Amino acid sequence: MKKINRFKSAQMLHSIGVSAVAAVFIAGCANIPPTEQMAVSKVAVTNATSVGGNEFAPLALKSAMEKMDAAERAMTAEDYLLARQLAEQAQVDAQLATATARSIKAQKAASALQEDNRVLRQEIERKAQ
C-alpha cells in the first residue's frame, strides 16, 4: 500500500514540475518579440492582395489588414503575446482571402471554358447541317 502512495506522490510531483516548467516557458516566450511571425503574416497579407483579395474576398482581406495593424501596434507597445496572437489571426484571415480569391478565379475560368465549349459545339453543329 505504501508503494502505491509513493508512486502516486511521485506522479503528482512530476505533474506539478512539468506544469511549472511549462508556465515558465510560456512566460519567457511572452517577452520575445514575434518578429518571424510578423514577417510571415505580412507576406500572407501581401499575397492575398496580389491574388485579388480586394476584389474577390474583401472582408477576409480587410480583417487580415486590421489585425496586422493591431499586431504592429501591440509590437510597438511591447505586448508581444498579443502581437503574436493578432499576427497569427491576420495570417489565417489572409490565407482565407487568398484561397477564396483563387477559388473564385478558378470558377470563373471554368465557366469561361464551358461557355467557349458551348459556342464551339454550336459552331460545329451549324457547319454540320
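Structure first, text after, so check above.
As the structure is a computational prediction, the values presented were derived from the model and not from experiment.

Would you mind going over the pattern of salt bridges with me for this structure?
Close approach of charged atoms allows side chains of opposite charge to pair. Summed over all chains, the structure comprises 6 salt bridges. A salt bridge links Asp93 to Lys67; the nearest nitrogen and oxygen atoms lie 2.9 Å apart. Of this pair, Asp93 sits in helix 5 (residues 80-128) while Lys67 sits in helix 4 (residues 58-76), and the two are 26 residues apart along the sequence. Given the relative accessible area of 24%, Lys67 is considered partly exposed. A salt bridge links Glu123 to Lys127, with the shortest nitrogen-to-oxygen separation between them at 4.0 Å. With Glu123 and Lys127 both in helix 5 and 4 residues apart, this pair spans about one turn of that helix. Residues participating in the shared-partner salt-bridge network are Glu123, Arg126 and Lys127.

How should I be thinking about the environment of Lys62 in this particular structure?
Here Lys62 shows up in helix 4. Using a relative accessible area of 49% as the deciding quantity, one classes Lys62 as partly exposed. Sequence separation between Lys62 and Ala94 is 32 residues, and the spatial gap between their C-alpha atoms is 8.8 Å.

I keep staring at helix 2 (residues 35-50) and nothing clicks. Help me out?
Residue pairs spaced three or four apart in an α-helix point in one direction, given the helix's 3.6 residues per turn. For helix 2, spanning 16 residues, the distance from its first C-alpha to its last is 23 Å, which sits close to the expected 22 Å at 1.5 Å a residue. Contacts from the buried residues of helix 2 go to helix 3 (53-56), helix 4 and helix 5. One or two positions beyond helix 2, positive phi appears at Gly52, with a value near 105°.

Cut-offs applied
- Chains are numbered independently. Their residues run from 1 in the order of the written sequence.
- In keeping with the predicted nature of the model, local features appear solely for residues at pLDDT of at least 70, side-chain atom pairs appear and are counted solely at 80 or more, and the whole-chain, interface and lining totals rest on all residues.
- The side-chain quantities take in all heavy atoms of the structure and omit both hydrogens and water.
- Here, a salt bridge means any side-chain nitrogen of Lys or Arg that lies within 4 Å of a carboxyl oxygen of Asp or Glu.
- Strands here mean DSSP runs of E at least two residues long; helices mean DSSP runs of H or I at least four residues long; both are numbered from the N terminus.
- Buried, partly exposed and exposed residues are distinguished by accessible area as a fraction of the type maximum, computed with a 1.4 Å probe on protein chains only: under 20%, between the cut-offs, and over 50%, respectively.
- How far a helix is expected to stretch is found by multiplying one less than its residue total by 1.5 Å.
- Any pair of residues with heavy atoms lying within 4.5 Å of one another is described as a contacting pair.

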